[in-house]
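Structural description and commentary
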Amino acid sequence: MNIFDIYSEKIKTLVKNLNKQNLIEIPDSLNGINVDLPPEKFDCDISTNVAMVLSKSNKKPPIDLAKQLSELIKKNDKDISSIDVAKPGFINIKFNKSFWNNFLKEIIINQKEFGVNKKQKKKTYLVEFVSANPTGPLHVGHCRGAVIGDVISNILIFNQNKVIKEYYVNDYGNQIINFTKSVYFRIREILNNEKFPSDNPDLYPGDYLIDIAKNIISQNKKIKFDNFKNISNELTKLSIEQSLKMIKLNLKILGINHDNFASETDIVNNNEVQSVIDQLEKDKFVYKGKINAPEGEDKTDWIEREQLLFRSTDFGDDKDRALQKSDKSWTYFASDVAYHNNKLKRKFDILINILGADHAGYIKRITSAVEALSGEKNKLICKVSQLVKLIKDGKPFKMSKRKGDYITVHDLVNEVGKDATRFIMLNRSGDAELDFDFTKVKEKSRDNPLYYVQYCYARISSVFRNINKKINEEIKIKNYDFSYSNDEIKIIKKISQWPKCIELSSSKLEPHRVTVYLYELASDFHSYWNLGKDNEDKRFIDKDNKVSDNKIVLLKSVSNVIKSGMDIIGVDAPEKM
RNA sequence: GCGCUUGUAGCUCAAUUGGAUAGAGCGCCUGACUUCGGAUCAGGAGGUUGAGGGUUCAAGUCCUUCCGGGCGCACCA
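Conventions used here
Residues numbered from 1 in each chain as written. Chains lettered and ligands numbered in written order. Predicted model: local features only at pLDDT ≥ 70, side-chain atom pairs only at ≥ 80, totals over all residues. Heavy atoms only, no water. Axes fitted to C-alpha atoms, helices over the stretch in contact; angles between N-to-C directions. Helix = DSSP H or I, 4+ residues; strand = E, 2+ residues; numbered from the N terminus. Left-handed = near helix turned anticlockwise from the far one by under 90°. Contact = heavy atoms within 4.5 Å. Nonpolar A, V, L, I, M, F, W, Y, C, P; charged D, E, K, R; others polar. Near = heavy atom within 4 Å. Polar contact = N/O pair within 3.5 Å; in protein donor to acceptor, adjacent residues only side chain to side chain. Expected span 1.5 Å × (residues − 1). Buried < 20%, exposed > 50% of the residue type's maximum accessible area, 1.4 Å probe, protein only. Pairing = 2+ DSSP bridges.

Attention shifts here to the packing of helix H2 (residues 50–58) against helix H3 (residues 62–74). Relative to each other, H2 and H3 sit at 120°, their axes nearing to 8 Å. The handedness of the crossing between H2 and H3 is right-handed. Each of Val50, Ala51, Met52, Leu54, Ser55 and Asn58 in H2 lies in contact with H3, whose residues at this interface are Pro62, Leu65, Ala66 and Leu69. A per-class count over the contact of H2 with H3 returns 8 nonpolar, 2 polar and no charged.

Here's what the structure looks like:
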């Protein structure tokens, strides 16, 4: 039940009818007409800008139109207790108390549906996120995109869409060869006491490779590790297997489960790259040519080459992009185009990629490729998660691959906990950089907004515990003829905004809105709770140690929304803390 | 040099897809613990939304020109 939508429809219908009767003029589109939440200082529940939108086409001052329209809106609507017009031309509507009773009744009866956006047509989505190279454990930098991708998926699932969470494994190319070599040297180090060539910049120096090497040795007693060439294929497979095992463990402790792991090697081996390039060639999106060196950069080591190029400039990219290397092997981009073609063949309505900020420059070419292949614009939506700026002991902390200078997901979750990690990663819009003060979060974890929201849920639980009930038990209420105070209605109004929060989070793919909302709801609840100190009427538990029905309904509505929200962001809502 | 992105209170961030007098937390100042769980609450101070111009009934939000951060810019993936 979204009261904003209900009134938006009512008002648009009214306006259309007036237009049919030639009483007013309307513009081509009524999309500009909104029903919104007014600022708190106004004593009303919802407001609409309809008069301002219609003012121009009717050549009338918005205030006059507003007066005229407000009377018509109020007429025949028994839910409205008062309606008035404010300065530029807003129409402010206040509901009577029975409206809020009915609202609560409805959301308690349909608690699982509350917040679900039903006007949107259900779609199938593929959300690709994390997709970190399988050459090492996940570090803090991967963490944000991981959580954002997971929660975006959860929001879409909450809205009853079908979602596949996918991880693309880049198990092909030079990095993997170097990675395998590194494992090989670690194995030699363990078995033959040969020193690891740590001065070779192509190799991966991290300690985790020692564990990988040990595991491979103990699990593959038959293999002889004395000639790299002979075993490189097998060792590559084993190394990636180990590495993925580690990554999956990292994801698991973050509370993330992908539905599918797609392999780049599979895409290449199945000849999907060649076939997608044939398809693009047929449609004249591919040609042989040269790319210009970027302006303003040192061009001395620039080698002009004729290469197979994709016409991404047709779709607004600044240059065409190489598909084939000079040794005729495919570029990363080429296999990624094939991978996206593979996604397209699986017939999803919408593809979503969550990328790190360092890959933002890649978006144009890959969306271009998807557009070329599918003929649809915005079939692929890329969402960037900006960098996490790590701060340790008050100073910016640069991670390097040098031993020790590395904070993994595992370290982070061990120190801070899964829930706090997720909450903090979501607490700011993904478009902006996030300061993550490692020391501060560790020391002062109680200042974390997570606990503020959880505490709200725990308090509600404690009330139920006091009357020997469980917070998630179903409640039976005979009638909903209550009279809530203004303090209580403040909370109810916040609850009524939950569907709107979900709608925005989902349409803009902005999961931070959920944490922000939960914080606000918790805040309203805590305020109300503290009123009970001075005024016993405002306490949930009365003198006879009972909780009245109206209070139970209110508590239940708040806890339901908090639980829903916490489930979406993948954070626990404990009954005791 | 080009592209993307960002600039809001001392600090960290919100701002309902263009709405009304821009809101929270931290920090600072004042107050509420024989508590329905103080991991909480009430109040105060703190702003030319980086700067200028434009569009609009209405701009933190859109366009434009500057200024300052961040990221990226041939066969690395």
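Once the structure has been displayed, the description carries forward.
Around RNA strand B, the structure places 74 residues, and the nearest of them are Lys41, Arg305, Ser326, Arg428 and Tyr452. In the interface set of RNA strand B, defined as its atoms within 4 Å of the protein, sugar plus phosphate atoms amount to 57%. A distance of 2.2 Å separates a phosphate oxygen of RNA strand B from a polar atom in the side chain of arginine 428. For the surface near RNA strand B, the secondary-structure elements that each account for two or more residues are H2, strand E4 (90–95), helix H6 (174–192), strand E15 (434–437), helix H16 (449–466), helix H18 (498–508) and helix H19 (512–531). Considering every element that reaches the surface near RNA strand B, the biggest residue donor is H16, with 9 residues. Of the residues that constitute the surface near RNA strand B, the class distribution is 27 nonpolar, 22 polar and 25 charged.

An ideal rise of 1.5 Å per residue puts 28 Å on 20 residues; H19 measures up with 30 Å between its terminal C-alpha atoms. Among the residues of H19, those classed as buried are His512, Val514, Thr515, Tyr517, Leu518, Leu521, Ala522, Asp524, Phe525, His526 and Tyr528. Against the buried residues of H19 lie helix H5 (140–158), helix H14 (418–426), H16, helix H17 (486–496), H18 and helix H20 (549–569).

By way of backbone hydrogen bonds, the strands of a sheet pair with one another, either parallel or antiparallel. Strand order in the open sheet formed by 4 strands is E1-E2-E4-E3, and the pairing between neighbours is antiparallel. Two strands lie at the open edges of the sheet, namely strand E1 (35–36) and strand E3 (80–86), each paired on one side alone. Two elements, E1 and strand E2 (residues 46–48), share 2 bridges in a ladder whose sense is antiparallel. Counted as the bridge partner of valine 35 is threonine 48 from E2.

We now examine the sheet that holds E15. Reading across from one edge, E14-E13-E15 is the order of the 3 strands in this open sheet, with mixed pairing throughout. Each edge of the open sheet is held by one strand with a lone partner, namely strand E14 (395–396) and E15. Pairing geometry for strand E13 (residues 388–392) and E15, over 4 bridges, is parallel. Considered in E15, the bridge of valine 388 is made with leucine 434.

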